[in-house]
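Structural features, examined
Chain by chain, the residues run as shown.
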Amino acid sequence: MVLLSLKEDSPQTTPVQEAAYSSVDYTTAVPVYGSRWSGQEMPKHRIPEMETPPSVAKHLIKDELALDGCPALNLASFVTTYMEGEARDLLVHTAAVNIVDVEMYPQSAEISARCVNIIANLFNAPNIKKDEQALGTSTVGSSEAVILGVLAMKRRWQEARRKKNLPTDKPNIVLGANAQVCWHKAIRYLELEGRHVDVTEELLYMDPQKAVDMVDENTIGVAAILGSTYTGHYEDVKTLNKLLNEKCKKEGLDVNIHVDAASGGFVAPFINPDLEWDFRLNRVVSINVSGHKYGLVYPGVGWCIWRSYAFLPDDLIFWVNYLGTDQASFALNFSKSSAPIIMQYYNLLRFGRAGYTRIMQNLVAISDYIADQLVDSGRFVLMSATGGKGLPLIAFRLKKKAHYDEYDIASKVRERGWILPAYTMAPALDHLKMLRIVVREDMSRDRADILVRDMMAALDTLDRTDKKLLKEIREHHISHGHKALSKSKHAVTPESFDKSPSSKKLKRTHPC
């Protein structure tokens, strides 16, 4: 429980100021930085008693946000940081539209259905070939989509077990230890046993044979990742499908695959169209993808697509009529803006297959260029795939042991504005520290050159900095960094919280 102070705010203006301000029309006359508000502390705990002029409120908030990092220089995030002006216009135009109210906004709902159809077609859903409506839903991102996909798998498993009078109290799901944090949320929230396939230095993502070996009668499904957040690798869904078919036939099981294509779902169809990872494989029954990653839409929008109605139990779908008509609802939330969905359709219409292909080819080329520069420097070992065999990102680590580490490099390039994530590899391999550069749409070749130059300069500076001074710098960052100064020690994120239920210690940040 967090107890908020009820202490009254102390007056921030002098009697002279009060007299000067009392007869002034703040909405038009007084400059923003000549107003009383610019001389007062911003409200942090209680709603202010009186109004603030809109221009003043806007400027004061913008001034605080100026302390944030530049989104274009955020090399950690997969989330889109650039959209065309026409798309931004549509965002403003549709922000007030509640997509769930299909009676009021039928065309917005129609556009959402078109997106589901187009994405299902990209993923080779079998019913699309017959010009039928695809089965899927929009979400606020892949975290929600993953939970919906896993929930459908669990419920289908429960129904099948109950028909045979078998117990349903020990469901499990098999996945790689390199899975994103949303999978750990799904496992905990849906009360599942997570069976994790450890990664190795030889294979930095899930081994399909080891995954299938963990499958038993209580397995609701296997999760495969098309684009690991750690290294960008595509897991071998085709081999996983083949091995699952063999095991299910031999042991009389019915275990299917959910593909987490949060990042790779909008890359692979355009770079590797012949790669079989989607509904072309008979045991792939659901796929999630993030529109706000390589779908090139501002956050937040995601999609979950099912193979057919056989894999989405009816009792998970709710029907409501209090918005004027009967309508189905299968989501963790209800009301949400149509803006991200409309922007997704804008991109699909605007770019088409050719446009998405050109963009993704550029990203792969720039990613490979940066990777080559880092490897050619002789200072780093590459941990990610190149040539479009994985996501357009560069995962790498120091080649030789030094008196500084990957976290020191990340801290040093931050001085130039770059937000370069340093983290440890997945469990069982978490002794390896690494760095990751995510190449997004707004990463140009020229910016890539500047990044490499700044990284080489950071290495040169660290080479010249002695071990004792580096230790003092680290301690200073811990004591005086923005997290320490904010005093928000209670604000723990899933990425920074130790996995052990009995532990309250914070860990160095993992990728997300």
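About the criteria used
- Residues numbered from 1 in each chain as written.
- Predicted model: local features only at pLDDT ≥ 70, side-chain atom pairs only at ≥ 80, totals over all residues.
- Heavy atoms only, no water.
- Helix = DSSP H or I, 4+ residues; strand = E, 2+ residues; numbered from the N terminus.
- Buried < 20%, exposed > 50% of the residue type's maximum accessible area, 1.4 Å probe, protein only.
- Polar contact = N/O pair within 3.5 Å; in protein donor to acceptor, adjacent residues only side chain to side chain.
- Contact = heavy atoms within 4.5 Å.
- Pairing = 2+ DSSP bridges.
- Axes fitted to C-alpha atoms, helices over the stretch in contact; angles between N-to-C directions.

**What to know about the side chain of Asn172**
With respect to the helices, strands and loops of the structure, Asn172 is situated in strand S2 (residues 172–176). Overall, Asn172 belongs to the buried group, its relative accessible area being 0%. A polar contact is formed between the side chain of Asn172 and the side chain of Thr219, at a distance of 2.8 Å. Those residues in contact with Asn172 that lie beyond four places of it in its chain are Glu193, Arg195, Asp216, Asn218, Thr219, Ile220 and Gly221.

**Re the environment of His292**
In this fold, His292 is placed in the loop between strand S6 (284–290) and strand S7 (302–306). Residues His292 and Gln344, 52 residues apart in the sequence, show an inter-C-alpha distance of 8.4 Å. Filtering out sequence-adjacent residues up to four positions away, His292 remains in contact with Phe78, Val79, Thr80, Val140, Gly141, Val297, Tyr298, Pro299, Gly300 and Val301. Engagement of the side chain of His292 in a polar contact is seen with the backbone nitrogen of Val301, the distance being 3.0 Å.

**A closer look at the sheet that holds S2**
Pairing is mixed across the open sheet formed by 7 strands, whose spatial order is S1-S7-S6-S5-S4-S2-S3. Unpaired on one side and paired on the other, strand S1 (135–139) and strand S3 (193–197) mark the two borders of the sheet. Going from strand to strand, the sheet's axes swing by 20° on average, the running direction of each strand aside. Two strands pair when backbone bridges link them, and S6 and S7 are joined in this way by 5 bridges, in the antiparallel orientation. When the sheet's bridge partners are listed, Ser286 is paired in S7 with Trp306. Sitting on the sheet, helix H8 (residues 237–251) touches strand S4 (219–225), strand S5 (256–260) and S6, and the angle it makes with S5 is about 165°.

**Description of unusual backbone geometry**
Cis geometry is adopted by the peptide bond preceding Gly300, which originates at Pro299 and carries an omega value of 0°. Here Gly300 is to be found in the loop between S6 and S7. If you check the backbone angles, Asn124 has positive phi at about 60° while not being a glycine. Within the secondary structure, Asn124 is located in the loop between helix H4 (106–122) and S1. On the basis of relative accessible area, Asn124 is assigned to the partly exposed category, the value being 26%.

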